[in-house]
Amino acid sequence: MEISVWRLNQENLPGFQPYLMPETALRLHRGDSGVLALGVSSGRHSCGAVAAYMTDGRAELTDLFVDSAVRRRGIGSRLLDALLSCLDSMGRPQIEADYVLRGGDLLGMDLLLISRGFCMPWTRSKVYAVPSENLLDNRLLGRAFTAGYQTAAGILSLSDAPESAVRELEQTVSEALRWSAIRERVNPALSAVMMRDGKAAAYQLMGETADGVALLAAVSGPHARPADFILLLRETLNRCWYWKGGGFMVYVSALNGSSDRLAARLTEGRSVVYEEHVCLREGADRQTEEREETI
């Protein structure tokens with residue numbers, strides 16, 4: 001099977017966009033130099049893509065997707081090898097991969113990355129995936145999908161909330177949950193902040209996925225009330241409902257035991273559970289140094 005690998009840009013993006021995350025496609029459309037993306041085609045037909053975001057001498061593998069019609073033929077490996085070769089030539093051998101899969105697909109990705117010099121992956125979180133239609137009769141969240149839904153007092157769009165207040169709140173949490181750290185993945189139109197007495201009491205940051213939306217971060221501060229999490233989740237789901245114009249998948253990460261129990265409770269056992277794995281490749285020079293230190 002003959003395949004061709006292409007460096008993606010604004011001109012050839014449309015043919016490969018179905019194989020990229022929405023935020024990756026948007027950044028390529030804008031001509032963002034911080035994104036490196038490659039597409040693969042068989043004959044005249046595109047059949048997959050891979051992408052990485054580059055910051056501060058490092059890179060993050062964000063996209064790797066091959067059409068189901070041509071899987072198990074080594075195309076994913078070819079794409080990944082081409083991307084790694086490009087990053088090495090650009091002096092960016094340190095790469096982090098973060099991916100959400102399950103079952104054989106998860107094991108396959110783990111083994112592929114290990115074979116390319118990445119360390120043993122570790123589990124960052126469980127990820128609950130539930131179709132929005134499964135939430136229509138949900139006792140806590142179902143009203144988000146009704147015509148009579150009203151935004152609760154104090155809730156603002158992320159883009160309308162005072163940035164200084166959001167930054168003050170995010171300083172109390174880990175970097176992985178900070179808007180400033182993941183802003184490229186966040187859709188401000190779908191994200192919301194609860195304001196109380198001029199303070200950002202809580203926020204929820206939503207991002208788009210290939211088939212729906214993902215709750216990327218949920219943060220509550222000392223000014224938050226117990227009900228704020230549910231109020232914000234209803235608001236963001238309502239925004240997603242209109243944004244998508246119909247049914248969509250909802251992905252919710254569970255980083256610890258309490259959030260795991262909450263996610264299971266909210267989805268009422270009607271979800272599919274994935275795992276988010278993370279692994280690193282430090283680069284040939286660093287790997288050589290580590291081997292020498294152990295001798």
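So, here's what we can say about the structure. (Residues numbered from 1 in each chain as written. Predicted model: local features only at pLDDT ≥ 70, side-chain atom pairs only at ≥ 80, totals over all residues. Heavy atoms only, no water.)

This part is about the pattern of salt bridges. The tally for this structure, following the rule as stated, stands at 14 salt bridges. The salt bridge involving R124 is made with E96; its shortest N-O contact spans 3.8 Å. One end of the pair, R124, is in strand β6 (residues 122–131); the other, E96, is in strand β5 (residues 94–101), with 28 residues separating them in the sequence. Since its relative accessible area comes to 23%, E96 is described here as partly exposed. Via salt bridges that share partners, E96, D98, R124 and E276 belong to a single interconnected network. (Salt bridge = Lys/Arg side-chain N within 4 Å of Asp/Glu carboxyl O. Helix = DSSP H or I, 4+ residues; strand = E, 2+ residues; numbered from the N terminus. Buried < 20%, exposed > 50% of the residue type's maximum accessible area, 1.4 Å probe, protein only.)

Structurally, V130 can be placed in strand β6. Spatially, the C-alpha atoms of V130 and Y53 are 28 Å apart, while their sequence positions differ by 77 residues. What V130 contacts, discounting residues up to four positions off in sequence, is L135, F248, M249, V250, T267, R270 and S271. (Contact = heavy atoms within 4.5 Å.)

This part covers the side chain of E235. Checked against the element boundaries, E235 lands in helix α7 (residues 228–244). A polar contact is formed between the side chain of E235 and the side chain of Y149, at a distance of 2.5 Å. Discounting residues that sit within four places of it in the chain, E235 has contacts with Y149, T151, I155 and A192. (Polar contact = N/O pair within 3.5 Å; in protein donor to acceptor, adjacent residues only side chain to side chain.)

Another point: the pairing of β6. Looking down a regular strand, the side chains alternate between one sheet face and the other. As defined by bridge partners, β6 adjoins strand β12 (residues 272–281) across seven bridges and the pair is classed as antiparallel. By the bridge assignment, K126 is partnered in β12 with E275. Here six bridges tie β6 to strand β11 (residues 249–254), and the two strands are oriented antiparallel to one another. Among the inter-strand pairings, P131 is bridged to a residue of β11, identified as M249. (Pairing = 2+ DSSP bridges.)

All right, on to the sheet that holds strand β4 (residues 58–66) then. The strands making up a sheet are joined through hydrogen bonds of the backbone, oriented either antiparallel or parallel. Taken in spatial order, the 12 strands make up an open sheet running β1-β2-β3-β4-β5-β12-β6-β11-β10-β9-β8-β7, and their pairing is mixed. A strand with exactly one partner marks an edge of an open sheet, and here the two such strands are β1 (4–7) and β7 (155–157). Strand-to-strand twist in this sheet, taken as the mean axis angle between neighbours without regard to direction, amounts to 25 degrees. Where strand β10 (residues 212–220) and β11 come together, four bridges link them in parallel fashion. When the bridges of β11 are listed, G212 appears paired with M249. Each of β1, β2 (35–42), β3 (45–55), β4, β5 and β12 touches helix α3 (residues 75–89); the most contacted strand, β2, lies at about 145 degrees to it. (Axes fitted to C-alpha atoms, helices over the stretch in contact; angles between N-to-C directions.)

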